[in-house]
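Architecture and fold: a report
The residues making up each chain are set out below.
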Amino acid sequence: MNNFGAACLLLKLCFAAELMLIIFPVVAVDEVQVTQKSIEIPIALFSQAREEHVPISLLDPIIDDSGLAGAEQGIRDNNTTGRFTGQKFRITFHQVNAEDSPVDRFRQQYALGIRLFLLDLPAATILELADLPEAGGSLLFNIGARDDSLRTHACRENLLHTAPSRAMLADALAQYLAWKRWNRWFLVVGRHAEDQAFAEALKRAAARFGGKLVEEKAWTFKAGARRTDSGHTQAQQEVNAFTQVRDYDILLVADEREEFGEYLSYRTYLPRPVGGTQGLAPRAWSRVHEQWGATQFQNRFHRTSGRWMSELDYAAWIAVRSIGEGATRVRSGDPAVLRSYLMGPEFKLAAFKGSAVTYRDWNGQLRQPLLITSPRVLISVSPQKGFLHQFSMLDTLGFDRSETRCR
Amino acid sequence: MNTLRLSSRKGIRMLVSAILLMASASVHAYTVYVSSEKDNTITVVDGDTLELKRTVDVGARPRGIALSKDNKVLYVCTSDADHIEVLDLDTLKVIHTLPSGPDPELLVLGPEGRYIYAANEDDNMVTVIDVEKRSKVAEILVGVEPEGMGVSPDGKWLVNTSETTNMAHFINLENLQVEYNVLVDQRPRVAQFTPDGSQVWVSSEIGGTVSVIDVASKQIIRKIGFAIPGIRSEAIQPVGIRMSEDGSRAFVALGPAARVAVVDSGTLEVEKYLLVGQRVWNLDLSPNGKRMFTTNGVSNDMSVIDLERLKVIKSIPVGQLPWGVVVRP
């Protein structure tokens, strides 16, 4: 991003550090003691309480999701490695009420010596924290906000994103639709700002990958409760009438809060598939995914959490594992040293996606393959074959270096 | 005219090599066994004629396989069945099972053949199993998602790799203690000792490298990288490693790159890349050292490499998602 010389110097230091730590003599079979010189690397997770999310489907559990369970899995994985390297990771969790600002709590944690933060917060709050003087010497991971603005112009030196952006998700889906040649899209957009934002991402993806919007409609019916007697009759009528538009290949729905998208499948006027936020959906993580060693990862999570891993958990796990992997290689928990390593060419993380995940050095966004899922099975993984890029195929998803004002 | 002459010459050469092959076949009969994780089978192939002999149903998700020291039985890690099955190679029937701990993926035998060391991918453990008593003897705590297993020829060291911890753990087989941990590149898969026991080679699937570790000093001497024109570097994912009998060459399976790299063990440079099937994972040598067999997961076949000419001579369809391969003399 900036200061080339300093980054190079740090890299050299990292390299030297790596050479020094190639072997770690140790320790016992079952009771593994941590050496006295072990370093402690504390992390804090910040989130804001929100309305309880009740999924439409009775089959989906209601989870009060903060990403904490995913972060804790990352801590356990890091500490297994830490047994051999003398590093101990721990996480503390801080949730503020919806109307409260996390600034004071953030300052408190900083005063306690915390320099590594995971944030599951709205974009504006993330920027507010990132711009605090205390945050200057800290490293922040955005695990939840998908806003493209954080990746195109509102970038911060101390802020990395393990959550995919809306543009990445839309591009991942659009590449698959291009492969299918399902090029005529019928766009249905919900009433919230984030639905508009995802619709914008889909439009951008259409222009990039040859999609054509044949129709766009706003869904204005009020969201209902999931337990309604005879609710199906109403949905059957509403959707049938609503979708009487000229012919298209796939209906793409933008409904991030999952208020109505689930009602569309099998009820459209024409027999056409549904994709977008529901149906054929691009996801960073899903229970339907078990490729590339994900089986053990899913099992491990389910055993300890009693539920399946969410996308937020996965983003939190990647953030904690990035810290762990960085700390192992550079033998330090210092945010500046870690950042330099994570953004550098040496960093690679295996994240059960078939190729390494890395960070884009222009905006701190994690590069990752994205899953194309149906509710019950994995359909595909994007980027799709044939979409080429001069640097990394993963950069065909989301905003590329030349498309952002971040450097 | 010209083409005719060429093709007839080629024909003669093929005939000669076919005769030579048949001659060698009668001397060294051997059998190749392939585990296929998706259709739960072991495929039996005649190593000389390359004919498919039998397909045997085994337990759920067979992956790592190994021969007993007397070559009478095949140990099969049936991962989803959470045990090791013992397949009698005369009758091709599973005669009993061994307790392996959950989700066994890969196993190796100690030099004396009495103990099996199995990696429990789901449990951060290596399980030691006594094949005579058919019981678990010990469990050794290692890193996250243990996978690769290699025993040094002198039986002193067991090297286990852990995929998420990114280490090669050196376990002293006398006291079953983890004594050294060597940090390698991302997602280490296979650990293979050189025949003289001086080095252990560890493949890193996501890192795209093979770390050559000096056993005496536990230091990485070299990280071997791979570059194939026209193949994206992310698609180069080293997994299986096999040394030639004399140790002069190493063969590295490169996964989605659909290539086997031939590495000069002296210079540690890649000599050649051989095109095989898709997602090539594991490999094994014929007893005479003349052929190499590879399992190709995505194309559901096994490639046969002629090691004298360094050419792929045949692909044989086997089960679905072939995983492990061993050759029985």
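Here the structure is a predicted model, which is why all the values come from computation and not from measurement.

**With respect to the overall build of chain A**
The number of helices and strands found in chain A is eleven helices and 15 strands. For chain A, buried positions account for 58% of its 407 residues. Approximately 17,700 Å² of chain A is accessible, and the part contributed by carbon and sulfur atoms is 51%.

**Observations regarding the overall build of chain B**
When you go through chain B residue by residue, the secondary structure sums to one helix and 28 strands. Taken over the C-alpha trace, chain B has a radius of gyration of 19 Å; the compact-globule value for 329 residues is 20 Å, and the two agree within 12%. Over its C-alpha atoms, taken along the principal directions, chain B stretches across nearly 70 × 45 × 30 Å. Pairs at least 24 residues apart make up 41% of the contacts formed inside chain B by residues separated by at least 6 positions. Within the structure as shown, chain B displays about 12,700 Å² of accessible surface, and the carbon and sulfur contribution to it stands at 52%. Taking the average place of the 34 positive charges on the side chains of chain B and the average place of its 41 negative ones, the gap between the two points comes to 8 Å.

**Some points on the sheet that holds strand β3 (residues 52–57) of chain B**
Residue and element names in this part refer to chain B. The four strands lie next to each other as β3-β2-β1-β28, forming an open sheet whose pairing is antiparallel. The sheet is open, and its two borders are formed by β3 and β28 (322–328), each paired with just one other strand. On average, each strand axis in the sheet is inclined to that of its neighbour by 20 degrees, with strand direction left out of account. Summarising the sheet, strand β2 (residues 41–46) and β3 pair through five bridges and their orientation is antiparallel. The residue bridging Thr43 from the neighbouring strand is Thr55, located in β3.

**Regarding the packing of helix α10 (residues 311–330) of chain A against helix α11 (residues 335–342) of chain A**
Residues and elements named next belong to chain A. Between α10 and α11, the least distance of the axes is 9 Å, while the angle of their chain directions is 100 degrees. It follows from the interaxial angle that α10 and α11 lie roughly perpendicular. Touching Ser322, Ile323, Glu325, Gly326, Ala327, Arg329 and Val330 of α10 are Val337, Leu338, Tyr341 and Leu342, all from α11. When the residues that make up the contact of α10 with α11 are grouped by side-chain class, the tally is seven nonpolar, two polar and two charged.

**Some thoughts on the state of the cysteines**
All names here are of chain A. Taken as a whole and assessed by the stated rule, the structure comprises one disulfide over all chains. Between Cys155 and Cys406 runs a disulfide, and the two sulfur atoms are separated by 1.7 Å. The S-S bond linking Cys155 to Cys406 shows a torsion near 75 degrees; that makes this disulfide right-handed. Taken together, the positions of Cys155 in the loop between α5 (149–152) and β6 (159–161) and Cys406 in the segment after β15 (378–382) put the pair 251 residues apart, joining distant regions of the chain. Like Cys155, the residue Cys406 is buried in the burial classification.

**Structural notes on the pattern of salt bridges**
Residues and elements named next belong to chain B. For the structure shown, the criterion picks out 48 salt bridges over all chains. Note that Arg63 and Glu105 form a salt bridge whose closest N and O atoms lie 3.4 Å from each other. Of this pair, Arg63 sits in strand β4 (residues 62–67) while Glu105 sits in strand β8 (residues 104–109); the two residues are 42 residues apart in sequence, bridging distant segments of the chain. You'll find Arg63 and Glu105 in the same group, each marked buried. Note that Arg328 and Asp90 form a salt bridge whose closest N and O atoms lie 3.8 Å from each other. Here Arg328 is found in strand β28, whereas its partner Asp90 is found in the loop between β6 (83–88) and β7 (93–99), with 238 residues between them in sequence. The exposure class of Asp90 is exposed, given its relative accessible area of 63%. Because the salt bridges share partners, they merge into one network encompassing Arg63, Asp103, Glu105, Glu121, Glu147, Glu163, Arg187, Arg189 and Glu205.

**Here we look at the domain arrangement of chain A**
Residues and elements named next belong to chain A. Taken domain by domain, chain A comprises domain 1 (17–164 + 301–367) and domain 2 (167–283). The distance between the C-alpha centroids of domain 1 and domain 2 comes to 32 Å. Each partner contributes residues to the interface: domain 1 has 15 residues there, and domain 2 has 13 residues. Summing both sides of the interface, domain 1 and domain 2 together bury roughly 1,300 Å²; the carbon and sulfur share of this comes to 58%. Summed over the three residues of domain 1 that lose the most area to domain 2, namely Ile56, Leu58 and Glu311, the buried surface amounts to 42% of that side. Applying the counting criterion to the domain 1 and domain 2 interface returns zero salt bridges. At the surface where domain 1 touches domain 2, the tally comes to one residue pair in polar contact (both at pLDDT 80 or more). For the side of domain 1 that touches domain 2, the per-class residue count stands at seven nonpolar, three polar and five charged.

**Brief notes about the interface of chain A and chain B**
If you look at the interface, chain A gives 37 residues, while chain B gives 40 residues. Across the chain A to chain B interface the summed buried area is about 3,100 Å²; carbon plus sulfur atoms make up 50%. Viewed at the interface, chain B and chain A are joined by one salt bridge. As a salt-bridge pair, Glu145 of chain B and Arg300 of chain A come within 2.5 Å of each other at their nearest N and O atoms. At the boundary of chain A and chain B, one finds 13 residue pairs in polar contact (both at pLDDT 80 or more). Those elements giving two or more residues to the side of chain A that touches chain B turn out to be β1 (23–25), α2 (68–85), α9 (294–305) and α10 of chain A.

**Some words on the sheet that holds β6 of chain B**
All names here are of chain B. Here we have four strands laid out as an open sheet, ordered β4-β5-β6-β7, and antiparallel in their pairing. A single partner strand is all that each edge strand has here, and the edge strands are β4 and β7. Here the average twist between neighbouring strands, direction ignored, is 25 degrees.

Rules behind the numbers
- Counting restarts for each chain, with residues numbered from 1 along the sequence as it is written.
- Labels follow written order: the first chain is A, the first ligand is 1, and so on.
- Local features in this predicted model are restricted to residues of pLDDT 70 or higher, and side-chain atom pairs are both shown and tallied only at a pLDDT of 80 or more, whereas totals for entire chains, interfaces and linings draw on every residue.
- As a rule here, side-chain values cover all heavy atoms of the structure and leave hydrogens and water aside.
- Strands are runs of DSSP state E lasting at least two residues, helices are runs of H or I lasting at least four, and both sets are numbered from the N terminus onward.
- Throughout, exposure labels follow a simple rule: accessible area from a 1.4 Å probe, protein chains only, divided by the maximum for the residue type, with under 20% read as buried, over 50% as exposed, and the rest as partly exposed.
- Each accessible area value is a Shrake-Rupley result obtained with a 1.4 Å probe; residue values ignore everything except the protein chains displayed when judging cover.
- In this setup the radius of gyration rests on C-alpha atoms only. A globule is expected at 2.2 Å times the number of residues raised to 0.38.
- Residue contacts follow a heavy-atom distance rule, with two residues in contact if any of their heavy atoms lie within 4.5 Å.
- Lys and Arg are tallied as positive, Asp and Glu as negative. Neither His nor the chain termini are counted.
- Working definition for charges: the position is that of NZ of Lys, CZ of Arg, CG of Asp or CD of Glu.
- Two strands make a pair as long as DSSP finds a minimum of two bridges between them.
- Each axis is a line fitted through C-alpha atoms, and for a helix only the stretch in contact is used; angles between axes span 0 to 180 degrees, taken between their N-to-C directions.
- Any angle from 65 to 115 degrees is called roughly perpendicular, while one under 35 is roughly parallel, one over 145 is roughly antiparallel, and all others are oblique.
- Note on residue classes: Ala, Val, Leu, Ile, Met, Phe, Trp, Tyr, Cys and Pro are nonpolar, Asp, Glu, Lys and Arg are charged, and everything else, Gly too, is polar.
- Throughout, disulfides are identified as pairs of cysteine sulfur atoms within 2.5 Å of each other.
- The working definition used for a salt bridge is a side-chain nitrogen of Lys or Arg within 4 Å of a carboxyl oxygen of Asp or Glu.
- Note that the domain bounds were set by an automatic or database domain assignment.
- Defined in terms of a 1.4 Å probe, buried area is the accessible area two parts forfeit on being brought together, summed over both.
- Any pair of nitrogen or oxygen atoms within 3.5 Å is treated as a polar contact; in protein, a donor-acceptor pairing is required on top of that, and neighbouring residues in sequence qualify only through side-chain atoms on both sides.

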